[in-house]
Amino acid sequence: MRFSLSIVLLALCACPEPTQSAGGASAPPLVDASPAVRPVPPPAYMDVSAQRRLIAIGDVHGDQRAARNALRLAGVIDAQDNWSGSQDLVVQVGDQLDRGNDERAILVWFDQLADQAFAAGGGFYALNGNHETMNVSLDFRYVTPGGYVDFADVPVPADPEIDQLPENERGRAAAFRPGGPYALMLANQNTVMVVGRTVFVHGGVLPQHFGRGLRNINADVQAWMRGEQGKPSAIRGDESLVWSRHFSRDTTAEHCALLAETLDLAGADRMIVAHTVQDGGINSVCGEQVWRVDVGLAAHYGGSTEVLEIQGDVVRVLSTGG
């Protein structure tokens with residue numbers, strides 16, 4: 001396992017959140033400094049050149065082939081599945097887990113890509129979505145039979161909560177319980193990131209989340225996954241970062257107003273969300289202020305292969321159909 005090195009490198013920025021100016025408009029976000037080694041977890045705010053190429057990829061749900069197809073479509077991995085994206089920045093917007101049998105391979109591979117991308121001057125960032133938080137909560141309702149087999153060799157500690165589970169589920173529970181080896185891997189990921197002028201989050205960021213602050217929410221979720229504190233409220237319920245569908249389904253004018261307020265607080269121009277499969281492919285609402293990138297990539301859904309590319313003010317959908 002490679003997560004032990006990540007834990008040694010654990011670094012959380014204590015910088016304050018963006019603040020509003022006297023006129024009410026958001027001041028530019030305070031940016032986490034560029035590190036000499038890959039920071040784990042990564043910073044919540046990253047200042048990047050407007051010309052840096054950003055790629056957003058939706059839910060992959062335990063399907064490594066689907067993830068591979070998306071990354072190759074984006075032109076950031078080679079024939080051996082190694083990073084070839086140079087200084088490109090890729091954000092996989094959560095839900096690596098459930099519904100497929102390749103979860104363990106995906107988690108390890110994504111961690112390797114993060115190292116390779118950083119070494120090349122780029123970045124690969126997988127976020128935690130609702131399915132990652134469900135597994136750390138030992139909510140296995142969407143796990144496939146193969147998903148239990150995949151983690152059956154994880155040593156099971158003496159734990160009354162795990163002892164109550166069916167025997168075939170105990171290895172997975174040991175892997176993902178707070179403080180478990182694969183929960184520690186997930187603790188190296190953020191739940192939300194602001195890269196340049198773009199917010200990336202699985203469900204959605206709402207104005208109320210700035211009370212606690214995005215950096216602090218990331219730190220709270222990571223501490224919970226490490227077994228250091230209880231589950232944060234920011235990932236509970238329909239208005240949480242990982243469960244919100246305000247901007248991914250039945251989005252109204254009221255929702256668009258919430259979005260505009262959120263972007264102002266974040267010092268951003270747009271938000272990228274996943275979480276809800278878009279039958280017609282990647283699309284935008286609210287005057288292109290939010291882009292929905294969950295196209296059901298995984299075999300469970302049988303969706304098409306699409307990714308979103310952002311470069312400067314130009315946002316475009318890349319698809320296998322051209």
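Residues numbered from 1 in each chain as written. Predicted model: local features only at pLDDT ≥ 70, side-chain atom pairs only at ≥ 80, totals over all residues. Heavy atoms only, no water.

## A closer look at the sheet that holds strand E9 (residues 290-292)
In spatial order, the strands read E1-E5-E6-E7-E9-E8; together these six strands make up an open sheet with mixed pairing. Every other strand in the sheet has two partners, leaving strand E1 (45-46) and strand E8 (283-285) as the edge strands with one partner each. Here two bridges tie E1 to strand E5 (residues 192-195), and the two strands are oriented parallel to one another. Within E5, the position partnered with Tyr45 by the bridge is Val194. Packed onto the sheet, helix H10 (residues 253-266) meets E1, E5, strand E6 (198-201), strand E7 (270-273) and E9 and runs at close to 110 degrees relative to E7. (Pairing = 2+ DSSP bridges. Helix = DSSP H or I, 4+ residues; strand = E, 2+ residues; numbered from the N terminus. Contact = heavy atoms within 4.5 Å. Axes fitted to C-alpha atoms, helices over the stretch in contact; angles between N-to-C directions.)

## Digging into the pattern of salt bridges
According to the stated counting rule, one finds 15 salt bridges in the structure shown. Linking Asp111 and Arg38 is a salt bridge whose minimum nitrogen-to-oxygen distance equals 3.1 Å. Taken together, the residues span a long stretch of sequence, with Asp111 in helix H3 (residues 103-119) and Arg38 in the loop between helix H1 (3-8) and E1 at a distance of 73 residues. When sorted by exposure, Asp111 lands in the same class as Arg38, which is buried. Here Asp115 makes a salt bridge to Arg38, at a shortest N to O gap of 2.7 Å. On the criterion of sequence distance, the pair formed by Asp115 in helix H3 and Arg38 in the loop between H1 and E1 is long-range, its members being 77 residues apart. With relative accessibility at 25%, the residue Asp115 sits in the partly exposed group. On the accessibility criterion, Arg38 (15% relative accessible area) is buried. Residues participating in the shared-partner salt-bridge network are Arg53, Asp88, Glu309 and Arg316. (Salt bridge = Lys/Arg side-chain N within 4 Å of Asp/Glu carboxyl O. Buried < 20%, exposed > 50% of the residue type's maximum accessible area, 1.4 Å probe, protein only.)

## Description of the packing of aromatic side chains
Taken as a whole and assessed by the stated rule, the structure comprises six aromatic pairs. Measuring from ring centre to ring centre gives 6.0 Å for Phe176 and Tyr182, while their planes differ by 45 degrees; the resulting arrangement is tilted. You'll find Phe176 and Tyr182 in the same group, each marked buried. The ring of Tyr142 carries the charged tip of Arg99 above its face, separated from the ring centre by 4.4 Å. Looking at Arg172, its charged tip hangs above the ring of Phe140, at a distance of 5.6 Å from the centre. (Phe/Tyr/Trp six-rings, centres within 6.5 Å; stacked < 30°, edge-to-face > 60°. Lys NZ or Arg CZ within 6 Å of the ring centre and 35° of its normal.)

## Quick notes on the nonpolar core
Ranked by internal contacts, the top residues of the largest apolar core, which has 48 residues, are Phe176, Tyr182, Val199, Val205 and Met271. At the level of secondary structure, the elements contributing two or more residues to this core comprise helix H7 (170-176), helix H8 (181-186), E5, E6, helix H9 (214-225), H10 and E7. Per-element tally for this core: the top contributor is H9, with five residues. Counting residues in hydrophobic clusters, the runner-up holds 43 residues, among them Met46, Leu54, Met193 and Ile310. (Core = buried A, V, L, I, M, F, W, Y, C linked by side-chain atoms within 4.5 Å.)

## Describing H3
Compared with the 24 Å implied by 1.5 Å per residue over 17 residues, the 25 Å span of H3 between its first and last C-alpha is a close match. When we look at burial in H3, the residues that qualify are Glu103, Ile106, Leu107, Trp109, Phe110, Asp111, Leu113, Ala114 and Ala117. (Expected span 1.5 Å × (residues − 1).)

## Description of the sheet that holds strand E10 (residues 306-311)
Taken together, five strands build an open sheet; the order of strands is E4-E3-E2-E10-E11 and the sheet is mixed. The sheet terminates laterally at strand E4 (123-126) and strand E11 (314-319), the two strands that pair on one side only. Geometrically, the sheet is characterised by an average inter-axis angle of 20 degrees between neighbouring strands, direction not taken into account. Strand contacts of H3: strand E3 (89-92) and E4, with the helix running at about 150 degrees to E4, the strand carrying the most contacts.

## Structural notes on helix H2 (residues 64-74)
Looking only at H2, the buried set comprises Gln64, Ala66, Ala67, Ala70, Leu71 and Ala74. Viewed along the axis of H2, the buried residues span an arc of 160 degrees, placing them on a single side of the element. Along its buried surface, H2 packs onto strand E2 (53-57), E3, H3, E4, E10 and E11. (Arc of directions from axis to C-beta.)

## Considerations on the confidence of the model for the protein chain
Chain-level pLDDT for the protein chain is 91 on average; 89% of the residues reach the 70-or-more range. Low pLDDT, under 50, characterises residues 19-31; the predicted model gives this stretch 26 contacts beyond four residues in sequence or across chains. (pLDDT = per-residue confidence, 0-100.)

## Looking at the state of the cysteines
Going through the model one piece at a time under the given rule, you end up with one disulfide. Between the sulfur of Cys256 and that of Cys286 lies a disulfide, 2.0 Å long from S to S. Here the S-S torsion is close to -80 degrees, and the disulfide linking Cys256 with Cys286 is therefore left-handed. With Cys256 in helix H10 and Cys286 in the loop between E8 and E9, the pair connects residues that are 30 residues apart, well separated along the chain. (Disulfide = S-S within 2.5 Å.)

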